[in-house]
Amino acid sequence: MLDLTRRSAASTYGLGGRLIFNRYSENSVQDTNIQLLTFVARTATRLSRFGLSGSYKRDTTFATIADPASDDADQEAGDVDAGLIRTQVKRSRLLLRPSWKYNLSEVTSINLRYVLNDATYTGAGSEALNDFRRQNAEIALMRQLSERSNLTATVGAARYTSEDGANTDDYSASAGFMHEFSPMLHMQLGVGVRSATSTFGNSEVESSGGLVNARFNGNFSELTTYRITVSQSLQPSGVGALVQSKSLNWELSHDVSEMLSVSLWGSAFRNQSIDFFSSASDRTHYDVEPGFRWNLDRDWSIDGSYRYRWQEYDGDDDAASSSAVYLAVNYAWPRLAVSR
């Protein structure tokens, strides 16, 4: 992993890369290496701020990797294609997020954002999935109520196109509220409505529903931190359709001592296609992973975790589960700061 960042009083530029190499004893499991490239650029003037972030990654539907450069709004439902099919399928995904913010007054601002999500699948088993592209544009009006809270009103429009010819246009309107109860507790709540029209050949399906995003993060104490997210949102999927994903994600960590910390990470989601042309994504998925980190000294540490997964598809009487144990030895090189 390598991250390069340059900062000034008015701008920030960053470039990051990550490579993960996997080797299996069975030759039938091939091309499981993971590559991730991230970039970010932000510049500000007295009244406005422009930003551009994005990533390009190549992973698989089994060995997925999170994008650390992603905005939290793009990670509400987690990875809806994780474990989607029973074979290793290589996935390449490009994400671009330009944004612009303009301050109308000291307490009011307007935000414009565009997101491009382009994914392709290759290799054995890729015929079960469809390349897709989703473009989403939003405009938001934010008003600062106090130093600790603000209100946001957002409208958006998006278009999803799939390789098999399925298209979906969806529109949304939502309101959000953010409040910092204390330095140890932050809350973000958003609710809205959406309407979508899906077409496939001569068939057309209309659907509507609600949007929810609730996030709580903070500290129980100086030693214990947590983050809990509950959401209901539309997410693009390789099955050739948008899916409505109802998800719960949580992270909990506790410092037992200066040398030892423990954690509990987990997620649960229920996915269902909104167009009813394909039911391949309709499933329930649970994932839980307790772990620990033992710091041997300033530079060396040991990580260990156990991961349990459970999944069941609609219309399939048999559920699937898996268990895995991970152990890693880490060495952290001292950070290098270059100035002139």
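About the criteria used
- Residues numbered from 1 in each chain as written.
- Predicted model: local features only at pLDDT ≥ 70, side-chain atom pairs only at ≥ 80, totals over all residues.
- Heavy atoms only, no water.
- Helix = DSSP H or I, 4+ residues; strand = E, 2+ residues; numbered from the N terminus.
- Buried < 20%, exposed > 50% of the residue type's maximum accessible area, 1.4 Å probe, protein only.
- Contact = heavy atoms within 4.5 Å.
- Areas by Shrake-Rupley, 256 points an atom, 1.4 Å probe, with all protein chains shown as cover.
- Core = buried A, V, L, I, M, F, W, Y, C linked by side-chain atoms within 4.5 Å.
- Phe/Tyr/Trp six-rings, centres within 6.5 Å; stacked < 30°, edge-to-face > 60°.
- Pairing = 2+ DSSP bridges.
- pLDDT = per-residue confidence, 0-100.
- Salt bridge = Lys/Arg side-chain N within 4 Å of Asp/Glu carboxyl O.

A. Highlighting the overall build of the chain. When helices and strands are counted, the chain shows 0 helices and 17 strands. Out of the 340 residues belonging to the chain, those deemed buried represent 36%. A separation of at least 24 residues holds for 51% of the contacts in the chain among residues at least 6 apart in sequence. By element, 56% of the accessible surface of the chain is carried by carbon and sulfur atoms, the whole surface being about 19,800 Å².

B. Looking closely at the nonpolar core. In this structure, Leu 84, Tyr 121, Leu 129, Phe 132, Leu 242 and Ile 274 are the most contacted members of the largest nonpolar core, which totals 14 residues. Contributions of two or more residues to this core are made by strand 6 (108-122) and strand 13 (241-255).

C. Seen up close, the packing of aromatic side chains. Per the stated rule, a full pass over the model turns up 5 aromatic pairs. Considering the side-chain rings of Trp 100 and Tyr 102, the 5.7 Å spacing of their centres and the 25° angle between planes classify their relative orientation as stacked. Overall, Trp 100 belongs to the partly exposed group, its relative accessible area being 35%. Look at Tyr 102 and you get partly exposed, because its relative accessible area is 29%.

D. Broad picture of the pairing of strand 12 (residues 224-237). In terms of burial, strand 12 is largely enclosed, as 10 of its 14 residues are buried. Inspection of the sheet shows strand 11 (residues 203-219) paired to strand 12 by 8 bridges, in the antiparallel sense. Bridged to Val 212 within strand 12 is Gln 232. Here strand 11 folds back onto strand 12, and the loop between the two strands holds 4 residues. In this sheet, strand 13 lies alongside strand 12 in antiparallel orientation, the contact comprising 14 bridges. By the bridge assignment for strand 13, Gln 235 is matched with Val 243. Connecting strand 12 to the next strand, strand 13, in antiparallel fashion are 3 residues, including Gly 240 with a positive phi near 90°.

E. Summary view of the confidence of the model for the chain. Averaged over all residues, the pLDDT of the chain equals 87, while 89% of them reach at least 70. Confidence drops under pLDDT 50 across residues 69-77; counting only partners more than four residues distant or on other chains, this segment forms 26 contacts.

F. Just the environment of Val 288, in detail. Assignment of secondary structure puts Val 288 in strand 15 (residues 283-295). A relative accessible area of 28% means that Val 288 is categorised as partly exposed. Taking the C-alpha atoms as reference, Val 288 lies 5.5 Å from Tyr 308; in sequence the two are 20 residues apart. With sequence-adjacent residues up to four places away left out, Val 288 is seen in contact with Trp 250, Leu 264, Trp 265, Gly 266, Tyr 306, Arg 307 and Tyr 308.

G. The pattern of salt bridges, seen in detail. Under the criterion given, the structure shown has 9 salt bridges. Among the ionic pairs, Asp 314 bridges to Arg 270, the shortest N-O distance being 2.8 Å. Taken together, the positions of Asp 314 in the loop between strand 16 (300-313) and strand 17 (320-331) and Arg 270 in strand 14 (residues 260-273) put the pair 44 residues apart, joining distant regions of the chain. A relative accessible area of 29% places Arg 270 in the partly exposed class. Residue Arg 293 pairs with Asp 303 through a salt bridge whose shortest N-O separation is 2.7 Å. Residue Arg 293 is found in strand 15, and its partner Asp 303 is found in strand 16; the two are separated by 10 residues along the sequence.

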